[in-house]
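# Structural overview for review
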Amino acid sequence: MNLRSPLAALLLCAGFLNATASAQAPAEGQSALASRALALADAAEPQVIAWRRHIHQNPELSYQEQQTAAYVAAALARMPGIEVQTGIARTGIKAVLRGGKPGPVVALRADMDALPVAERNDLPFRSQAKGEWLGKEVPVSHACGHDTHVAMLLGAAQALSQVRADLPGTVVFLFQPAEEQGPGPVASGAPAMVAAGVLENPKVDVVMGQHINARGPSGTISYRRGGFMASGDAFKIVLKGKGGHGSSPWTAKDPTLAAAEITLALQNIVSHQVDPLDGTTVVTVGLLQSGNRVNILPDTAEIGGTVRSLSKKNQKVAHDSIRLKAQKIAESHGLIAEVTIDTGYEVLVSDPVATQAVARALVAAAGPGKAAEAPPSMGSEDFGSFGKNIPVVFWHLNASPFGDRHGAPNHSAEFAIDESSLRVGVRALVGSTLSYMDRPADAAKMP
């Protein structure tokens, strides 16, 4: 799927044509405040698209989002009543809007970083930026849609700031770095921001977020009560033995046989050791390497792979089993096994009660029949780190530029979205915030 001029023209005009369309009628039972705020969200569409295009043309990699953060902070500074704090977890931003009435504290999050991917299309605002990744100069683009996340959250901040006097609670806007950092010794942005205290002062009651994709009809929303996106962990097993000559393997302690045996043994973790009823789990070996010549037995071998799970219990079972199998099989070969498991992304569990409280707002944002509960995804998102001690709600905003046909997947060089979906995303953030603030006092006790 290579984007050419006709599609580029469609993407350019779709959002602006939609900006002139009349706002959707208020949903049944919708408050006057919600109706007014959603109208303001609709009116922000041209500005949201402009913000998105600027950020899209100026992408920055994980923990390098200095210019993006400065741009966001400047936009927030122009909105009435918003207090802005910068430099959190290196480049993150926390902005607070205190409503004129008492109520809960709702946090809304958008991630800011881009990917080392060369964008392939002919859009006039495509990225031609370069950056440094792993010591090399690489092309950089928003191939995962984080530019849209930032723009939509700015749109929500603008709309909510305009109804501040009637807002029954406080909103915390979190612009997060480094969602794409991935598993490893350096934490990604969500856990780093949590560690920096963004959920305190004021103490946050719920965190909400969304992620755009091009795999569903534009302007539709997919959500789920319970496990929604998988954990994302990386493991590495280093086997240390004793090298030798291929003619006399009995004089060596060859790690290659042990590596093969461990690789096969890891395959029965999913089939025999995790509970499938508690959530899907996948253990994948993607790296197996050892040696340089056919007649030389090496000293070491390395196995690497990933664990993804929709169950925190199964995630732990998989981790424990990887360590045990590697160590015991290595011992049986007279080898030493060093096992490292980096937990990059937590299981993302949308709190069932909080999700139920905002489900109607998601329908009102997208329109009748355009927001629905969906199956879980084995993809990973570090948003789950916000949900260790408080409820979180997450949804997917679908934005295929090809109508009902799938567009390119996230992280693809040809990833592109229909900009008219951004209006729906702003409405979803605004409406969900107000819906949670207006929920019944005993909602937390709902089954």
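Higher on the page you've got the structure.
Structure report, in brief. (Residues numbered from 1 in each chain as written. Predicted model: local features only at pLDDT ≥ 70, side-chain atom pairs only at ≥ 80, totals over all residues. Heavy atoms only, no water.)

## As for the sheet that holds strand β18 (residues 377-380)
Spatially, 3 strands are ordered β16-β9-β18 in an open sheet, and the strand pairing comes out mixed. The sheet terminates laterally at β16 (348-350) and β18, the two strands that pair on one side only. If you compare each strand with its neighbour and ignore which way they point, the axes differ by 45 degrees on average. Note that strand β9 (residues 226-230) and β16 share 3 bridges and pair antiparallel. Looking across to β16, one finds that Gly 226 is bridged to Ser 350. (Pairing = 2+ DSSP bridges. Helix = DSSP H or I, 4+ residues; strand = E, 2+ residues; numbered from the N terminus. Axes fitted to C-alpha atoms, helices over the stretch in contact; angles between N-to-C directions.)

## Considering helix α10 (residues 352-366)
Helix length check: α10 (15 residues) gives 20 Å between terminal C-alpha atoms against 21 Å at 1.5 Å per residue, within 8%. The element α10 is largely enclosed, with a buried count of 11 among its 15 residues. Those residues of α10 that sit buried are Val 353, Ala 354, Thr 355, Ala 357, Val 358, Ala 359, Ala 361, Leu 362, Ala 364, Ala 365 and Ala 366. Those residues of α10 that are buried are in contact with β7 (206-213), β8 (221-223), β16, β17 (371-373), β19 (392-398) and α11 (421-437). At the N-terminal end of α10, a side-chain oxygen is found 3.2 Å from the backbone nitrogen of Val 353, two or three residues along, and the residue is Asp 351. Phi for Gly 367, located one or two positions after α10, is positive at around 115 degrees. (Expected span 1.5 Å × (residues − 1). Buried < 20%, exposed > 50% of the residue type's maximum accessible area, 1.4 Å probe, protein only. Contact = heavy atoms within 4.5 Å. Polar contact = N/O pair within 3.5 Å; in protein donor to acceptor, adjacent residues only side chain to side chain.)

## A look at unusual backbone geometry
At the junction of Asn 201 and Pro 202, the peptide bond is cis and its omega measures out at 5 degrees in the coordinates. Counting through the fold element by element, Pro 202 comes out in the loop between α6 (189-195) and β7. In the Ramachandran plot, Arg 90 falls in the positive-phi region, its phi being about 80 degrees despite a non-glycine side chain. Of note, Arg 90 is situated in the loop between β1 (82-88) and β2 (92-98). On the accessibility criterion, Arg 90 (56% relative accessible area) is exposed. The phi dihedral of Asn 201 is positive, around 50 degrees, even though this residue is not glycine. Following the sequence through the fold, Asn 201 ends up in the loop between α6 and β7.

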